[in-house]
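Residue-level structure breakdown
So you can see what is in the structure, the chains are spelled out below.
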Amino acid sequence: MATKIIVELPGARDYAVRIGEGVIDALGTSLRDVPSFERVRDVLVVTDSNVGPLYLARTKQALAQAGFKPADVTLPAGEDAKTLAVAGEVWSAMAQLALGRDCAVIALGGGVVGDLAGFVAASYLRGVPVAQVPTTLLAMVDSSVGGKTAVNLPEGKNLVGAFHQPSFVCADVSTLATLPDREWRCGCGEIAKSAVIDSDDFFFWMLDHAHDLAGRDTAVTAEAIQRCVVFKAQVVARDEHETSGVRECLNYGHTLGHAVETASGFGTFSHGEAVAEGMRFAVELAQAQGGVAEGFAEAQAELLDALALPRLSYDATADDLMGIMKRDKKVRGGQVRFVLARDVGQWEATPVSDDVVRAGLASWLG
Ligand code: NAD
Ligand code: GLY
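Residues numbered from 1 in each chain as written. Chains lettered and ligands numbered in written order. Predicted model: local features only at pLDDT ≥ 70, side-chain atom pairs only at ≥ 80, totals over all residues. Heavy atoms only, no water.

Our focus in this paragraph is the layout of surface pockets. Taken as a whole, the second largest pocket encloses approximately 490 Å³ of empty space. Lining the second largest pocket are 22 residues, and of these Asp-14, Tyr-15, Val-34, Pro-35 and Ser-167 lie nearest its centre. Put simply, the parts of the chain that give the lining of the second largest pocket at least two residues each are strand S1 (3-7) and strand S2 (15-20). Of the residues that constitute the lining of the second largest pocket, the class distribution is 12 nonpolar, five polar and five charged. (1 Å grid on protein atoms, 1.4 Å probe; cavity = no way out; pocket = protein on both sides within 12 Å on 5 of 7 lines; lining within 4 Å. Points joined across faces, edges and corners; volume = space filled by probe spheres on them. Helix = DSSP H or I, 4+ residues; strand = E, 2+ residues; numbered from the N terminus. Nonpolar A, V, L, I, M, F, W, Y, C, P; charged D, E, K, R; others polar.)

Here it is, written out as structure tokens:
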């Protein structure tokens, strides 16, 4: 059975996130109901070298059946492809196909494809529609919804991009069957983040079903995705461009997580594993600065353990991690910012003084 969740945005920009088994086969007919696809005939499907052999033919067939004319471009798989140079190749491919303003982009893949294809769509001819077709757990629960698009620079991740909301999101959970375990854990980290930040209802449901999610139970996975999308849709509706501070909650666990990913070498741990590490550290920091509700630290640890997201082992000094965090995009006035959860569903984004962070890191690293 498929579910539809609406992301509500001003200016008649609402869009649907369709989640279910086999929904990719109805992609073309679903897009025929999307206002910004009304005049679209030519579509460029952007995918990567792992996802393409698995799902490109099926996607193109679904599009062609509804009268679209699909072309495709395949990126090398992995974060290294998220560059301006690769975006330039896709822009050129579109120009060589003589695609006009009545074309659209279909992002078929994980967060890398989604972010790059979304950025290409945001900028080609000053903007054409994009539909996101996420195929990783992370992309289904987070990156395909909310309109953040970007490429990396040698100086850092996601430094060039745009807000460009998708016109439609098609999350076919059957595509997750081929996802490697490591990428599964990656998605679980972001799900744990959403559950902690959202509400008691999501958190305790997730605690009850964490072993099933780690074991890739289909029904539990579909419900976890739906809960994450409902949560993210609410956050994005309240703070689309991350200006009021509400959207900052999505960075829970990311300040230390990103530093761990960088210090240990990108790819050593999955992003979600590093986020889980960051969530554990954020609780210790919150305990040292203002306190947390009784039982919260233990409950979060129980959830992360049950999702098979253990503490990570890496060689990094407090100075290494501090240096990286000081270059984080979230630094304001030289101070590192953390999202600190005080309890399930209660959080604040706050600067933390260097002394407190250093003391926290020293105790964290032992
Ligand atoms: P990814 O896109 O690199 O995918 C992970 C790996 O899984 C890749 O090798 C990919 O080829 C493979 N893969 C994808 N789907 C598959 C499937 N169904 N079967 C088999 N293999 C499959 O990584 P990701 O974790 O999906 O995304 C990470 C990216 O997302 C980062 O660049 C990050 O910055 C970005 N991100 C963006 C947002 C946002 O709001 N825009 C949020 C979170 C993360
Ligand atoms: N994944 C962070 C955001 O969408 O804001």
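This part covers the site of ligand 2. For ligand 2, the full set of nearby residues is Asp-142, Lys-148, Lys-232, Glu-242, Arg-247 and Leu-250. Interatomic distance of 2.8 Å between a side-chain N/O atom of Lys-148 and an oxygen atom of ligand 2. The side chain of Lys-232 places a nitrogen or oxygen atom 2.7 Å from an oxygen atom of ligand 2. Alone, ligand 2 offers 200 Å² of accessible surface; in the complex the protein occludes 85% of this. For the shell around ligand 2, the per-class residue count stands at one nonpolar, no polar and five charged. (Near = heavy atom within 4 Å. Polar contact = N/O pair within 3.5 Å; in protein donor to acceptor, adjacent residues only side chain to side chain. Areas by Shrake-Rupley, 256 points an atom, 1.4 Å probe, with all protein chains shown as cover.)

You can see Arg-13 is positioned in the loop between S1 and S2. Owing to a relative accessible area of 34%, Arg-13 belongs among the partly exposed residues under this scheme. With residues up to four places along the chain from it excluded, the contact list for Arg-13 reads Gln-165 and Glu-240. Within the local environment of Arg-13, its side chain forms a polar contact with the backbone oxygen of Pro-10, the two atoms lying 3.0 Å apart. Polar side-chain contacts of Arg-13 include one of 2.8 Å to the side chain of Glu-240. (Buried < 20%, exposed > 50% of the residue type's maximum accessible area, 1.4 Å probe, protein only. Contact = heavy atoms within 4.5 Å.)

Our next topic: helix H7 (residues 200-214). With 15 residues, H7 should reach 21 Å at 1.5 Å per residue; the first-to-last C-alpha distance of 20 Å fits that figure. The largest bend along H7 measures about 55° and falls at Asp-208. All buried positions along H7 are accounted for by Phe-202, Phe-203, Trp-205, Met-206, Leu-207, Ala-210 and Leu-213. Of the surrounding secondary structure, the elements contacted by the buried residues of H7 are helix H6 (181-198), helix H8 (218-238) and helix H11 (296-306). After H7 finishes, the residue Arg-216 shows a positive phi value of roughly 70°. (Expected span 1.5 Å × (residues − 1). Bend = angle between axes of the 7 residues up to and from the residue.)

The next point concerns empty space enclosed by the protein. Enumeration over the complete set of coordinates arrives at two cavities of 30 Å³ or more. Estimates place the volume of the largest cavity at around 50 Å³. Lining the largest cavity are Gly-114, Asp-115, Val-130, Gln-132, Ser-143, Ser-144, Val-145, Gly-147, Lys-148, Thr-149, His-164 and Pro-166. Elements supplying a minimum of two residues to the lining of the largest cavity: helix H4 (111-123), strand S6 (130-134) and strand S7 (148-153). Looking at the lining of the largest cavity residue by residue, the class counts come to three nonpolar, seven polar and two charged. Every residue lining the second largest cavity is listed: Asn-251, Gly-253, His-254, Thr-255, Leu-256, Gly-278, Ala-282, Phe-338 and Val-339. Put simply, the parts of the chain that give the lining of the second largest cavity at least two residues each are helix H9 (254-263), helix H10 (271-288) and strand S10 (336-343). The element that contributes the greatest number of residues to the lining of the second largest cavity is H9, accounting for three residues. Broken down by class, the residue content of the lining of the second largest cavity amounts to four nonpolar, five polar and no charged.

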